[in-house]
Amino acid sequence: VDPSWRFFRDVGLLVWEYKWFSLAIVVVTIFQEFAALWPVTLLGQFVDRLETGELGNTVWLLFAATLFYPGLARANVILRHVMFYNADFEKRVEMIMAAGEEGYATDLESAGTAHTRIVNAVSGITNTMYHVLGSFTPVIIKVIIVSGRLLAYNRALGLVYLASLVLPALLTVLFNRI
């Protein structure tokens, strides 16, 4: 079995082990992506209402939206960091204890070697988990939300946007032969 697949399996198992944190991050990310579009929508309403002079509460909503989004984005970052550090620490301690119980650390040099290998392995897996949930997942969610909004606004514009995403994906698959 290719070591890359074992690595991705371990990342998936770690995400599954922390499924409630992962689910919370995905839900907050979905809200964050909708919140990112809220000021743009409100700005459009504000501009549309300028001619009539009846702005209503659009200015206050725009102000609230510009404060809400950064707070939500920061909460998402904090949530990801809490999960990352919890997972990193718990897995590191768990593996070091297991290595000690299995007798891998018979002398100081082998204990240091085992510790370094464990730290590197845990760090690689938890960093990947962090970036899958913090970088990859938000991009997928953003594409889905923006595509849906564009398709609802103008079908032709939405289809062109989707086509502009499909072509690079196909070329990536073609050139990398995944």
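Attention here is on the structure that accompanies the text.

Rules used in this analysis
- Residues numbered from 1 in each chain as written.
- Predicted model: local features only at pLDDT ≥ 70, side-chain atom pairs only at ≥ 80, totals over all residues.
- Heavy atoms only, no water.
- Core = buried A, V, L, I, M, F, W, Y, C linked by side-chain atoms within 4.5 Å.
- Buried < 20%, exposed > 50% of the residue type's maximum accessible area, 1.4 Å probe, protein only.
- Helix = DSSP H or I, 4+ residues; strand = E, 2+ residues; numbered from the N terminus.
- Contact = heavy atoms within 4.5 Å.
- Phe/Tyr/Trp six-rings, centres within 6.5 Å; stacked < 30°, edge-to-face > 60°.

Now for the nonpolar core. Within the largest apolar cluster, 13 residues are counted, with the highest numbers of intra-cluster contacts made by L14, Y18, I25, M83, M129 and L133. Counting residues per element, the ones that place at least two in this core are helix 1 (3-17), helix 2 (19-50), helix 3 (58-101) and helix 4 (108-153). Among residues more than four places away in sequence, those in contact with M83 are Y18, F21, S22, I25, M129 and L133.

This paragraph deals with the packing of aromatic side chains. Enumeration over the complete set of coordinates arrives at four aromatic pairs. Summarising the aromatic geometry, the rings of F84 and Y130 are spaced 5.7 Å apart at their centres and angled 65 degrees between planes, so their arrangement reads as edge-to-face. Within this pair, whereas F84 is found in helix 3, its partner Y130 is found in helix 4, the two being separated by 46 residues in sequence. Comparing F84 with Y130, the two get one shared label, buried. Put simply, the rings of W5, F7 and F8 touch in pairs and so form one group of aromatic residues.

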